[in-house]
Amino acid sequence: MRKRKSFRPVALCCLLLFVGIPFARAQQSGSSEPRIVFRFVNGNDMFYIPWSDNGARLDSLCNQLAPATLKAGCVRVDGYGDDKKTVKIRCNRVKSELILRRGLTEEHFTTTNRIGMFGKLRNVVVVTLPVLEKRESRKKPVTVSPEPEKRVQLVAETRQEEPEGETPPTDVQTTTQDVQAQVQPETSAEPGHCRWSIGLNAGIPFFWGDMLSMSADKTYIGFAAGVQGGYRLSDLLAVSLSVDYTCGKLGARGYAQDYLLAPDGMTWYVPQQQAMQRYGDLYSKVSLVNMGLSFDVNLNRIFSRQAAEHRFTVWVSPAVYGQFFKADVYTKADDKRYSDGTTVPDGLSLGLGGALTLRCRVGRGIDLQLKNTVLWMADNHFEAIRTPFGKTRHNAMWVPQIGVVWHIK
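What comes next concerns the included structure.

How each quantity is defined
Residue positions are given per chain, counting from 1 as you read along its sequence in written order. In view of the model being predicted, local features appear only for residues whose pLDDT reaches at least 70, and side-chain atom pairs are presented and counted only at 80 or more, with totals across whole chains, interfaces and linings using the full set of residues. For the side-chain quantities, the full set of heavy atoms in the structure was used; hydrogens and water were omitted. Note on conventions: DSSP H or I runs of at least 4 residues are helices, E runs of at least 2 residues are strands, and numbering of each starts at the N terminus. Only protein chains enter the accessibility calculation, which uses a 1.4 Å probe; a residue is then buried when its area is under 20% of its type maximum, exposed when over 50%, and partly exposed in between. A 1.4 Å probe and the Shrake-Rupley method give the accessible areas. Residues count as covered only by the protein chains that appear here. By arc we mean the arc of the directions from the helix axis to the C-beta atoms, nothing more. The contact rule is simple, with two residues in contact once any of their heavy atoms fall within 4.5 Å. Here a salt bridge means any side-chain nitrogen of Lys or Arg lying within 4 Å of a carboxyl oxygen belonging to Asp or Glu. DSSP calls a pair of strands paired once it identifies at least 2 bridges connecting them. Only the contacting stretch of a helix is used when fitting its axis, a line to C-alpha atoms as for every element, and angles between N-to-C directions run 0 to 180 degrees. Think of a polar contact as two N or O atoms within 3.5 Å of one another; within protein, one of them needs to be a possible hydrogen donor and the other a possible acceptor, and neighboring residues in sequence only count if both atoms come from side chains. Given a helix with a known number of residues, its expected span is that number minus one, times 1.5 Å.

Moving on: the overall build of the chain. Each helix and strand counted, the chain has seven helices and 16 strands in total. By the burial criterion, 43% of the 409 residues in the chain qualify as buried. Looking at the chain as shown, the accessible area adds up to about 23100 Å², and 59% of this sits on carbon and sulfur atoms.

Right, here's the structure in full:
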C-alpha cells in the first residue's frame, strides 16, 4: 500500500503568504502612525503658517506632543521636493517651530530629505508621530517652552540623519537666524522684505496729439530710458518716484494728410496768404523729461497674503507727472527745421495717469519687470502744433518698458 503524501507544509506556506504579505505592507505603510502634512510654496523655503491650513495642522501637532513621553528619534520628519537644499531648509523650519512651541530637542527627530513626491503632493514636509498609549494622549499639552536664550542653542545643536550618500547639513547658521527672528520683536513693515528699491527701465514711447507716432505712412520708433526709486510701506502699498527721458517722432493721421501747417504752428484747412505745407510732408520731433510720483498697490495682496509672496506679482500705480517738453516740426524731404519756434511747449506741464507692472522675482532681491505707463498730457503744444481754436486736448502717451529692480535695504 502506497503512503499518502502530506500537504500540510504546502498549506502552511500558503497561509503564511496570505497573512504575512498584507501584514508586511501594513507595517511598511505605517498607516497606524499619525501623519501631519505641511505645504510649501513651489520654489520657496519659507514656512508660511497661516497658508494652506498649516496653522491648524501645527496646532494639532503641538497638542499631540509631550516631550517627556517621547523617545530619541521617534518623531520622523520627511521632506519632499525638487531640490535637496530647499527641502533641507524646509525640514529645519518645521523642526524649529516644534522646538520653539513644545520644547523638543534635535534628539527627538529623525530627518530625511527626498527628491520626489509624497503620493500626489510635492513641496511638503511630513511629520510622523509614534503611536502613543491612550492614557498619554489624554494628558493636557504642556505649555512650558525653553527660555528664549536657550532656544537658539537647541536649534544650533541640530543635526540630521540623511539618506545614503548624503552628508549632514552644515548650514546651521541659517536655522539659528530663523529662530532669533522669531524670538526678537519685528521692527520692519514686513519680515523678509526690503523697504527700499531702485530700478532701471528702457522702452519705446508712443504719442497721440495733432500728429501721432503710428502715423498713416509709417510707425515712428522712439526711445525711453529712466530710473525709479521706491519705498515699501507694507506688503500691499508702496510709493515710487520715477524720472524718464523720452524722445520720438510723430506723423500725420490718415484723414489729416492734406491739413496745412504754418511755420508758427497754426493749423489751417484752406490755403492762406502765407507759406504753408501739408501735414503729410512734415513730421514732429519731440523730447521730454517725465517725472512721476506714484502710489503703488500690490494686486496679489488684495487676494491673499500668500499670493503677495508669489514669484509673479502685479502692481497698479496711479500717478501724477511733471513734464518738460522740447519740440520742433521738420520737413520729410530734407529733414530741415520747418517751425519758426513761436509755438513751443510750456516750461512745465502736468500729466495724469499711471502704470500697470508685472514683476518676476529672478533672484534674491532682484526683480524683472514689464511696465506699461499710460498718461494724459495737459500741454496742447507738446508737438509744436496748435489747432485754430487751441482747444483740442486729446494728448496722450503710452510707454511700454522692460526693467530690473534691486531691493537694497
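Turning to helix α2 (residues 54-64), its buried residues are N54, G55, L58, L61 and C62. One face of α2 carries all of its buried residues, which in axial projection span an arc of 125°.

Before going further, it helps to spend a moment on the environment of A225. In this structure, A225 sits in strand β7 (residues 223-232). For A225, a relative accessible area of 26% corresponds to the partly exposed category. Each C-alpha atom, one on A225 and one on D244, is 5.5 Å from the other, the two residues being 19 residues apart in sequence. With residues up to four places along the chain from it excluded, the contact list for A225 reads N201, A202, V243, D244 and Y245.

The next point concerns the pattern of salt bridges. Under the criterion given, the structure shown has 13 salt bridges. Note that D264 is salt-bridged to R386, the shortest N-O span being 3.4 Å. In this pair, D264 sits in the loop between β9 (260-261) and β10 (267-268) while R386 sits in the loop between β15 (366-377) and β16 (396-407), placing the two residues 122 residues apart along the sequence. Taking the shortest distance from any N to any O, the salt bridge between R337 and D328 comes out at 3.3 Å. A residue is classified by how much of its surface remains accessible, and D328, at 14% relative accessible area, is buried. Overlapping salt bridges, with partners in common, bring together D59, E97 and R101 in one network.

Read from one edge to the other, the open sheet built from four strands follows the order β1-β4-β2-β3, with strand pairing classed as mixed. The open sheet has two edge strands, β1 (35-39) and β3 (109-115), and neither has a second partner. For this sheet the average axis-to-axis angle between neighbouring strands, irrespective of direction, equals 15°. Relative to strand β4 (residues 124-128), β1 runs antiparallel, the two sharing five bridges. When the sheet's bridge partners are listed, I36 is paired in β4 with V127. The sheet strands contacting α2 are β1 and β4, and the helix crosses β1 at an angle near 150°.

A separate point is the environment of D78. Locating D78 in the fold gives a position in strand β2 (residues 75-81). For D78, a relative accessible area of 5% corresponds to the buried category. Sequence separation between D78 and R90 is 12 residues, and the spatial gap between their C-alpha atoms is 9.9 Å. Contacts of D78, omitting those with residues within four sequence positions, involve C91, T112, R114, V124, V125, V126 and T128. A polar side-chain atom of D78 sits 2.3 Å from a polar atom in the side chain of T112.

Quick look at helix α3 (residues 84-102) now. For α3, with 19 residues, the first-to-last C-alpha span of 27 Å sits near the 27 Å given by 1.5 Å per residue. Counting buried positions along α3 yields 16 of 19 residues, so the element is predominantly enclosed. Following α3 by one or two positions, G103 adopts a phi angle in the positive range, close to 75°.

So, on to the pairing of β4. In terms of residue burial, β4 counts as a mostly covered element, since five of its five residues are buried. Every second residue of β4 is oriented toward a common face, with V124, V126 and T128 on one face and V125 and V127 on the other, all of them buried. The pairing of β2 with β4 spans five bridges and is classified as antiparallel. For R76, the partnering residue across the bridge sits in β4 and is T128.

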